[in-house]
Amino acid sequence: MKPFAPMLSRWLRQATNSLRRALLRRANTPAPLHRFDSGTFVTTVGARPYKLFVPEGFTGEPLPLLVMLHGCKQDPDDFARGTRMNDLAQQQGFLVLYPRQPPRSNAAKCWNWFMPNDQRRGSGEPAVLAGMARDVVATHGADPDRVYVAGLSAGGAMAAILSREYPDVFAAAGVHSGLPQGAAADVASALAVMHTGRLRPFGPSRSGGPGVPTIVFHGDVDKTVHPANGQHVVDDVLAGTPPPAQITRGEHKGRLFTHTVFPGRDGRPFVEHWEVHGTGHAWSGGDPAGSYADPHGPDASKELLRFFGLQRRRALS
């Protein structure tokens, strides 16, 4: 018979190691998201799955709607974690719609912002996404004058397209680490402008009229989407001689930033450009529990909701 003491010691060591591994797994498991409703929106031009966050405790009032477009290799859950947008939406009373790009539509799950058919009103992904937003407004009683769209990277580029092609749907846009509409016409031109920042407009003539109010975030050491593209988005929305800018420089959570505001005729900010110094291709002030999220720098999610809270859908001439 083996001595009892060594057996007990070995058992305790194994039990301790098992407990340590279990606690480590628990510590590394992201906190659960707020409850998501899932569904699929189907139109004659296509279909996309989605998740919808509906905040609790808000009744009897039309809530604003924010459409959040994830970047490549992401999905709604990942994007919600990295941006913490559901937490803020619960606090401030926003519906948040997260369309999902399936691999069958793009192997890397990117929105196809570079394809001509996906840059025009009434066709491709813009038609599906705008239709999805309209459907949520109708079925959940959202405020049609407070519908916004934002995205990261490929999602940011698609947000820029939607805001230009559907100003009758979207009151304002947020473009994080993205590109302007018409920056590419195929994969080769997309990669070129992403890497160099040299813009050669390829896109179709716009059917949506002037740009809507837009807030832009971009890290100045982004190696995936050249930082010059953030300025291209700003220039595209301003479209002409910009009004005098208000420039503020500061620091937040270990990152320096330059914040440029172009006011509109009504006194509200029309375009904001946040250049975050030292940040790469990642959501500024995000949660590293999600991908492409940097915990340092200004909180892009808070700033987006602040900016959107100032905007209402404008009458189209």
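Calculation criteria
Residues numbered from 1 in each chain as written. Predicted model: local features only at pLDDT ≥ 70, side-chain atom pairs only at ≥ 80, totals over all residues. Heavy atoms only, no water. Helix = DSSP H or I, 4+ residues; strand = E, 2+ residues; numbered from the N terminus. Expected span 1.5 Å × (residues − 1). Buried < 20%, exposed > 50% of the residue type's maximum accessible area, 1.4 Å probe, protein only. Contact = heavy atoms within 4.5 Å. Pairing = 2+ DSSP bridges. Axes fitted to C-alpha atoms, helices over the stretch in contact; angles between N-to-C directions. pLDDT = per-residue confidence, 0-100. Polar contact = N/O pair within 3.5 Å; in protein donor to acceptor, adjacent residues only side chain to side chain. Phe/Tyr/Trp six-rings, centres within 6.5 Å; stacked < 30°, edge-to-face > 60°. Salt bridge = Lys/Arg side-chain N within 4 Å of Asp/Glu carboxyl O.

**Quick look at helix α4 (residues 124–140)**
Link 1 in the chain: Under the 1.5 Å per step criterion, the end-to-end length of α4 is 25 Å for 17 residues, consistent within 8% with the ideal 24 Å.
Link 2 in the chain: Of all 17 residues making up α4, twelve are buried, and the element is well covered by its neighbours.
Link 3 in the chain: Among all positions in α4, only G124, E125, P126, A127, V128, L129, A130, G131, M132, A133, V136 and V137 are buried.
Link 4 in the chain: On the buried face of α4, the contacting elements are β1 (36–43), β2 (46–53), β3 (65–69), β4 (95–99), β5 (147–152) and α5 (154–165).
Link 5 in the chain: Within two residues after α4, G141 carries a phi angle of roughly 65°, on the positive side.

**Some details on the sheet that holds β2**
Link 1 in the chain: Taken in spatial order, the ten strands make up an open sheet running β1-β2-β4-β3-β5-β6-β7-β10-β9-β8, and their pairing is mixed. Single-partner strands in this sheet number two, and they are β1 and β8 (246–252). Neighbouring strand axes in the sheet, compared pairwise and without regard to direction, differ in orientation by 20° on average.
Link 2 in the chain: Note: strand β7 (residues 214–219) against strand β10 (residues 269–276), six bridges, orientation parallel. Bridge pairing in β10 links V216 to H273.
Link 3 in the chain: Set on the sheet, helix α3 (residues 85–92) makes contact with β1, β2, β3 and β4; between it and β4 the angle comes to about 155°.
Link 4 in the chain: Relative to the sheet, helix α7 (residues 228–238) contacts β6 (172–176), β7, β9 (255–263) and β10, its axis offset from that of β10 by approximately 170°.

**Some points on the confidence of the model for the protein chain**
Link 1 in the chain: For the protein chain, per-residue confidence averages 89 on the pLDDT scale, and 85% of positions sit at 70 or higher.
Link 2 in the chain: The model gives residues 21–32 a pLDDT under 50, and that stretch makes four contacts with residues more than four places away or in other chains.

**Side note on the side chain of H176**
Link 1 in the chain: Locating H176 in the fold gives a position in strand β6.
Link 2 in the chain: Within the structure, H176 has its side chain in polar contact with the side chain of S177 (distance 2.9 Å).
Link 3 in the chain: In contact with H176, other than residues within four places in its own chain, are G151, L152, S153, G156, F217, A282, W283, S284 and A300.

**Description of unusual backbone geometry**
Link 1 in the chain: Notably, K73 is not glycine yet its phi reads approximately 65°, a positive angle.
Link 2 in the chain: Residue placement: K73 occurs in the loop between β3 and α2 (76–83).
Link 3 in the chain: Despite not being glycine, K253 has its phi angle at roughly 50°, a positive value.
Link 4 in the chain: In this fold, K253 is placed in the loop between β8 and β9.

**Points about the pairing of β3**
Link 1 in the chain: A large share of β3 lies buried, amounting to five of its five residues.
Link 2 in the chain: Residues of β3 alternate between two faces, with L65, V67 and L69 on one and L66 and M68 on the opposite face, all of them buried.
Link 3 in the chain: Pairing of β3 with β5 involves five bridges; the strand directions are parallel. Its bridge partner lying in β5, L66 is registered against Y148.

**Here's the deal with the packing of aromatic side chains**
Link 1 in the chain: A complete count under the given rule lists eight aromatic pairs for this structure.
Link 2 in the chain: With a centroid separation of 6.3 Å and 40° between ring planes, the pair formed by F94 and Y148 is classed as tilted. Of this pair, F94 sits in the loop between α3 and β4 while Y148 sits in strand β5, and the two are 54 residues apart along the sequence. Like F94, the residue Y148 is buried in the burial classification.
Link 3 in the chain: Aromatic side chains F257 and W274 sit 5.3 Å apart centroid to centroid with 40° between the ring planes, which places their arrangement in the tilted category. Of this pair, F257 sits in strand β9 while W274 sits in strand β10, and the two are 17 residues apart along the sequence.
Link 4 in the chain: The exposure class assigned to F257 is buried, which follows from its relative accessible area of 11%.
Link 5 in the chain: An aromatic cluster of three or more residues is present, and its members are F94, Y148, F307 and F308.

**Thoughts on the pattern of salt bridges**
Link 1 in the chain: In total, this model carries 13 salt bridges according to the counting rule given.
Link 2 in the chain: For R306, the salt bridge is made with E272, and the minimal N-O distance between the two is 2.7 Å. Within this pair, whereas R306 is found in helix α8 (residues 300–309), its partner E272 is found in strand β10, the two being separated by 34 residues in sequence.
Link 3 in the chain: Judged by relative accessible area, R306 falls into the partly exposed class, the value being 33%.
Link 4 in the chain: Classification of E272 as buried rests on a relative accessible area of 1%.
Link 5 in the chain: The partner of E303 in a salt bridge is R306, and the shortest N-O contact between them spans 2.7 Å. One end of the pair is E303 and the other is R306, both in helix α8 and three residues apart, which spans about a single turn.
Link 6 in the chain: The network of salt bridges with shared partners includes R121, R134 and D168.

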